[in-house]
Amino acid sequence: MTAASSATAAPTPPLAARAAAIGGSPVRDILAVTARPEVINFAGGLPAPELFDAKGVAAAYQAVLADAPGRALQYSTTEGEPALRGAVAERYSTRGLATGADDILVTTGSQQALSLLATALVEPGDTVLVENPCYLAALQVFAFAGAHVVPVPGDADGVDPEALDALVARHRAKLLYTVPTFQNPTGRTLPLARRTAVAEVAARRGLWIVEDDPYGELRFEGERVPWIASRPGAEDRTVVLGSFSKVMAPGLRLGWLRAPAALRRACAIAKQAADLHTPTVNQLAAAWYLERYDLDAHVGRVAGVYRERRDAMLAGLGDALPAGAQWNRPEGGMFLWVRLPEGYDAGERLPGVVGHNVAYVPGAPFYGGAPDPRTLRLCFVTQTPEEIAEGLRRLRLGLA
């Protein structure tokens, strides 16, 4: 043994500060703890797997692998397969937001789109404005980017445009991140008048808007509200994020961003550094499916089932929650939001609730600022109405 090998080895260099400082997802941690089959889990954000069109998706993969295996298994362009980009663009155009294939960058899930935008837009120390509460993974992305995250005050309808205006001026904010339709975690939807006002603030103050829309097609009732991107003043400063995860299957990992040309090119460069391109076979299978199957009809069937499950949860909440609790009635999506009475802490109560084999997500981790400890999120789409009724019975016992 040499002297060098017998010497004490030097420690390895430390992790980057951002990796050491940013924690994991509390939602993922709760799902790991509550993965036992006997637990009725209202904590997840997963679409109902029994509603996937498994036969249609399987047929799509079989077809592209049989007809064009060399292409399906080969590298692709960073921007995405033209057929899929064209199909996504057509879906926007038919819904009132004129879009061409070149406006779309395909991503590996819309979560990647958010990360690419943070890379392309956010310098350490830049102020990013978010809803309060906010999609948890967005808070993680902006924290990794070194952003100064500031929550925008709002109410049951979403962000307050006047408060937004004041915060942009005060902090010289660079962007606003919002899930305006069936928001995660609250399920609320920003009304048209506020969308128009948000667009006006962005145009007047020089603000990017990141409009994340993974749930918008899952509408049970009411009229579709136009995208912020379609409002006057927002056309050249709004990025729309979309995904097939909630309407086709999350395992495809197919999302996209619709953005102005310069920002889209910057995101494409960032994507080249991340993964070169989204899997070719997945893109071609999705394009094949969209050409031959009626995705809108499938989404309609899924939304019909989700509506029954939402109604089952709403019907039982009054008996399940303590007197004085409040909750909303979302017109679509996957979640509803609960505020327990004064004196309750949803995080502190969770272990006792899990002891009754039911689970929710405490609301505190979703806040970019001071949290409301009484809040919690319930996902209503994964269980049948009968399972929801039993889960609410257990929830009543756990909160008693």
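What comes next concerns the included structure. (Residues numbered from 1 in each chain as written. Predicted model: local features only at pLDDT ≥ 70, side-chain atom pairs only at ≥ 80, totals over all residues. Heavy atoms only, no water.)

**As for the sheet that holds strand S15 (residues 375-379)**
Thought 1: In space, the four strands of this open sheet follow the order S11-S12-S15-S14, with antiparallel pairing throughout. Looking at strand neighbours, the two that pair on one side only are strand S11 (326-327) and strand S14 (361-362), the edges of this open sheet.
Thought 2: In this structure, S14 lies alongside S15, joined through two bridges in antiparallel fashion. When the sheet's bridge partners are listed, Val 361 is paired in S15 with Arg 377. (Pairing = 2+ DSSP bridges. Helix = DSSP H or I, 4+ residues; strand = E, 2+ residues; numbered from the N terminus.)

**Brief notes about the environment of Leu 167**
Thought 1: Here Leu 167 lies in helix H9 (residues 161-171).
Thought 2: For Leu 167, a relative accessible area of 8% corresponds to the buried category.
Thought 3: Apart from residues lying up to four places away in sequence, Leu 167 is in contact with Leu 129, Val 150, Pro 151, Val 152, Pro 153 and Arg 172. (Buried < 20%, exposed > 50% of the residue type's maximum accessible area, 1.4 Å probe, protein only. Contact = heavy atoms within 4.5 Å.)

**Let's talk about the sheet that holds strand S8 (residues 208-212)**
Thought 1: Pairing in this open sheet of seven strands is mixed, and the strands run S2-S10-S9-S8-S7-S3-S4 from one edge to the other. The open sheet is flanked by strand S2 (104-107) and strand S4 (148-151), the only strands paired with a single partner. Strand-to-strand twist of the sheet, defined as the mean angle between neighbouring strand axes without regard to direction, takes the value 20 degrees.
Thought 2: Sheet topology note: the strand S7 (residues 175-178)/S8 ladder contains four bridges and is parallel. Its bridge partner lying in S8, Tyr 177 is registered against Val 210.
Thought 3: Those strands touched by helix H6 (residues 82-94) are S2, strand S9 (238-243) and strand S10 (255-258), and its axis lies near 120 degrees from that of S2.
Thought 4: Most of the contacts of helix H7 (residues 110-121) go to S9, to which it runs at about 155 degrees, and overall it touches S2, S7, S8, S9 and S10. (Axes fitted to C-alpha atoms, helices over the stretch in contact; angles between N-to-C directions.)

**Considering helix H15 (residues 385-399)**
The periodicity of an α-helix, 3.6 residues per turn, causes residues three or four places apart in sequence to face the same way.
Thought 1: Given a rise of 1.5 Å per residue, 15 residues ought to cover 21 Å, and the 21 Å separating the end C-alpha atoms of H15 matches this to within 8%.
Thought 2: Taken together, the buried residues of H15 touch strand S1 (40-41), helix H13 (295-320), helix H14 (346-354) and strand S13 (358-359). (Expected span 1.5 Å × (residues − 1).)

**Some points on the pairing of S15**
Thought 1: Taken across its five residues, S15 has five buried, putting it largely inside the fold.
Thought 2: With burial as the criterion, each face of S15 is covered, one bearing Thr 375, Arg 377 and Cys 379 and the other bearing Leu 376 and Leu 378.

**Description of the pattern of salt bridges**
Pairing is possible between side chains of opposite charge, provided their charged atoms come close.
Thought 1: Counted by the stated rule, this structure contains 25 salt bridges.
Thought 2: Where Lys 174 meets Asp 126, a salt bridge forms, and the shortest distance between an N and an O atom there is 2.8 Å. With Lys 174 in the loop between H9 and S7 and Asp 126 in the loop between H7 and strand S3 (127-130), this residue pair connects regions lying 48 residues apart in the sequence.
Thought 3: Linking Asp 311 and Arg 310 is a salt bridge whose minimum nitrogen-to-oxygen distance equals 2.7 Å.
Thought 4: Given a relative accessible area of 0%, Arg 310 falls into the buried group.
Thought 5: In this structure, a network of salt bridges that share partners links the residues Glu 221, Arg 307, Arg 310, Asp 311 and Arg 329. (Salt bridge = Lys/Arg side-chain N within 4 Å of Asp/Glu carboxyl O.)

**A look at the packing of aromatic side chains**
Thought 1: Summed over all chains, the structure comprises nine aromatic pairs.
Thought 2: Summarising the aromatic geometry, the rings of Trp 288 and Tyr 293 are spaced 6.1 Å apart at their centres and angled 45 degrees between planes, so their arrangement reads as tilted.
Thought 3: Centroid distance Tyr 289 to Tyr 293: 4.6 Å. Interplanar angle 5 degrees. Geometry classified as stacked.
Thought 4: By way of ring pairs, the aromatic residues Trp 288, Tyr 289 and Tyr 293 are connected into one cluster.
Thought 5: Note that Arg 224 overlies the ring of Trp 227, its terminal NZ or CZ placed 5.3 Å from the centroid. (Phe/Tyr/Trp six-rings, centres within 6.5 Å; stacked < 30°, edge-to-face > 60°. Lys NZ or Arg CZ within 6 Å of the ring centre and 35° of its normal.)

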